[in-house]
Amino acid sequence: MTSATPAPRRRAARPLALAAAMSLAAMSLAALIAGAPASGADMAWKSLRIGMRGPDSPASEATIGYEADLAQDLCRRMAVACTFDTGKGNDGVAALLARRVDALMSWLPVTASQRQTIDFSYAYALERHGLIVPDPGPLAGLPGTGKTLSLTVTPQDARDAIDALRGRLAGRTVGALAGSVDLAFLQGQIGGSATIRPYESMEPLLRDLAEGRLDAAMAEVTRLQAIVTLPGYRNLAISGPQFSDEELFGDGIAVGVRKPDRTLREMFDRAIADAIGDGTLERLSLKWFKADISPHRCNCKPF
């Protein structure tokens, strides 16, 4: 009598199945640690936490109001439920990378150094940079006050204006925040004729300016517009031309997102392009700044 062949034993396959499951779990964990949503989660953004500056921020009321209105509009266009986190420390890149927020709308300039860490949407504002001076004073009402010049779009006009500034600032002392694009601009364009002094924060810079130890200072115009309305600084005024330049001052102000969140960036891109196209950005800009600082391009190239 021939004995029956024993059925194959399945127990030996379990280690392989277990190993495969563990490998899949490890890959999913690695994806999460790297910031890339596992299993296509990047394709299903239904809610967002947006880090924004609160009313206690030193930024101007205009920039805060503009971004608050715009954030509401963009969330509606993207059909997502948004919560706005204005908690201290949650408006910076560290909060974004730590996943405390999903996006940043905190007047974030798009610069080459920032691009190494995070990704950006299309720009929703173009920042200008200019001088603030004592008023009355010898530098109040400099030629070109109120005009915006671009070193790339209107290079000759910008060069002429810089040459004129260099003459008016000769022998004077001009301040800017240490490490800022304003300091780099002054050192590169004015440094041969004026003394350029870096400051670690705006408070000592403004104090020196108001008390006559500094002749002028350079910063973002939106910041300066807020400063001249504050008690103690109403003897200061914006003077001379204002400058914009993508290479030096950045590609504008944009939404910051984590690099793996490509779908989210594209959602913001489409919403911002629509808001440019239907005039919403221009309307909000005029409401808050009394000037149009919106980008006038709808089919923008990704940064």
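Scroll up to find the structure.
Described in the following lines is the structure provided in the data block. (Residues numbered from 1 in each chain as written. Predicted model: local features only at pLDDT ≥ 70, side-chain atom pairs only at ≥ 80, totals over all residues. Heavy atoms only, no water.)

1. Structural notes on the overall build of the protein chain
Here comes step 1: Tallying secondary structure elements over the protein chain gives 11 helices and 11 strands in all.
Here comes step 2: A burial count over the protein chain gives 45% of its 303 residues as buried.
Here comes step 3: Long-range pairs, those at least 24 residues apart, make up 72% of the contacts in the protein chain with a sequence separation of at least 6.
Here comes step 4: Working note: accessible area of the protein chain is about 15700 Å², and carbon and sulfur atoms make up 55% of it. (Helix = DSSP H or I, 4+ residues; strand = E, 2+ residues; numbered from the N terminus. Buried < 20%, exposed > 50% of the residue type's maximum accessible area, 1.4 Å probe, protein only. Contact = heavy atoms within 4.5 Å. Areas by Shrake-Rupley, 256 points an atom, 1.4 Å probe, with all protein chains shown as cover.)

2. Side note on the sheet that holds strand S6 (residues 148-150)
Paired through backbone hydrogen bonds, the strands of a sheet run either parallel or antiparallel to each other.
Here comes step 1: A sheet is described by the order of its strands in space; here six strands give the open sequence S6-S10-S5-S9-S7-S8, paired in mixed fashion. Single-partner strands in this sheet number two, and they are S6 and strand S8 (195-199). This sheet shows a mean twist of 30° between the axes of neighbouring strands, independent of strand direction.
Here comes step 2: Bridge count between strand S5 (residues 129-134) and strand S9 (residues 216-220): four bridges; the pairing is antiparallel. Across the sheet, the residue bridging to histidine 129 is glutamate 220, located in S9.
Here comes step 3: Packing of helix H6 (residues 181-189) onto the sheet brings it into contact with S5, strand S7 (173-177), S8, S9 and strand S10 (236-244), and relative to S7 it is tilted by some 150°. (Pairing = 2+ DSSP bridges. Axes fitted to C-alpha atoms, helices over the stretch in contact; angles between N-to-C directions.)

3. Section: the packing of aromatic side chains
Here comes step 1: Counted by the stated rule, this structure contains five aromatic pairs.
Here comes step 2: Seen from their ring centres, phenylalanine 185 and phenylalanine 243 are 5.2 Å apart, and the 40° between their planes marks the pair as tilted. Placement of the pair is phenylalanine 185 in helix H6 and phenylalanine 243 in strand S10, with a sequence separation of 58 residues.
Here comes step 3: Phenylalanine 185 gets classed as buried once you look at its relative accessible area, which sits at 3%.
Here comes step 4: According to the relative accessible area criterion, phenylalanine 243 is buried, its value standing at 1%. (Phe/Tyr/Trp six-rings, centres within 6.5 Å; stacked < 30°, edge-to-face > 60°.)

4. Notes on the pattern of salt bridges
Here comes step 1: Following the criterion strictly, the structure yields 17 salt bridges and no others.
Here comes step 2: Of the charged contacts, one joins aspartate 73 and arginine 77 as a salt bridge, the two residues approaching to 2.5 Å between their closest N and O atoms. Highlighted residues: aspartate 73 and arginine 77, both in helix H2 (residues 61-78), separated by four residues, approximately one helical turn.
Here comes step 3: On the basis of relative accessible area, aspartate 73 is assigned to the buried category, the value being 11%.
Here comes step 4: Three or more residues joined by partner-sharing salt bridges are found here, namely Arg49, Asp102, Arg258 and Asp261. (Salt bridge = Lys/Arg side-chain N within 4 Å of Asp/Glu carboxyl O.)

5. Quick look at the environment of serine 285
Here comes step 1: With respect to the helices and strands, the residue serine 285 is situated in helix H11 (residues 280-289).
Here comes step 2: Beyond its immediate stretch of four places on either side in the chain, serine 285 contacts Tyr66, Lys290, Ala291, Asp292, Ile293 and Ser294.

6. Details of the packing of H2 against helix H10 (residues 262-277)
Here comes step 1: Orientation of H2 relative to H10, taken along the N-to-C sense of each, is 115°, at an axis distance of 9 Å. Here H2 lies roughly perpendicular to H10, going by the angle between them. Every pair of crossing elements has a handedness; the one defined by H2 and H10 is right-handed. Here Asp73, Leu74, Arg77 and Met78 of H2 come into contact with H10, specifically with Met267, Phe268, Ala271, Ile272, Asp274 and Ala275.
Here comes step 2: Counted by class, the contact of H2 with H10 contains seven nonpolar, no polar and three charged residues. (Parallel < 35°, antiparallel > 145°, perpendicular 65-115°, else oblique. Left-handed = near helix turned anticlockwise from the far one by under 90°. Nonpolar A, V, L, I, M, F, W, Y, C, P; charged D, E, K, R; others polar.)

7. Considerations on the environment of isoleucine 238
Here comes step 1: Mapping isoleucine 238 onto the fold places it in strand S10.
Here comes step 2: For isoleucine 238, a relative accessible area of 22% gives the class partly exposed.
Here comes step 3: When sequence neighbours within four positions are dropped, the list of residues in contact with isoleucine 238 reads Leu131, Ile132, Thr145, Val221, Leu224 and Gln225.

8. Points about the state of the cysteines
Here comes step 1: A complete count under the given rule lists one disulfide for this structure.
Here comes step 2: In this model cysteine 75 forms its disulfide with cysteine 82; the gap between the sulfur atoms is 2.0 Å. Across the disulfide from cysteine 75 to cysteine 82, rotation about the S-S bond amounts to roughly -100°, and the bridge is consequently left-handed. Judged on exposure class, the residue cysteine 75 and its partner cysteine 82 are both buried. (Disulfide = S-S within 2.5 Å.)

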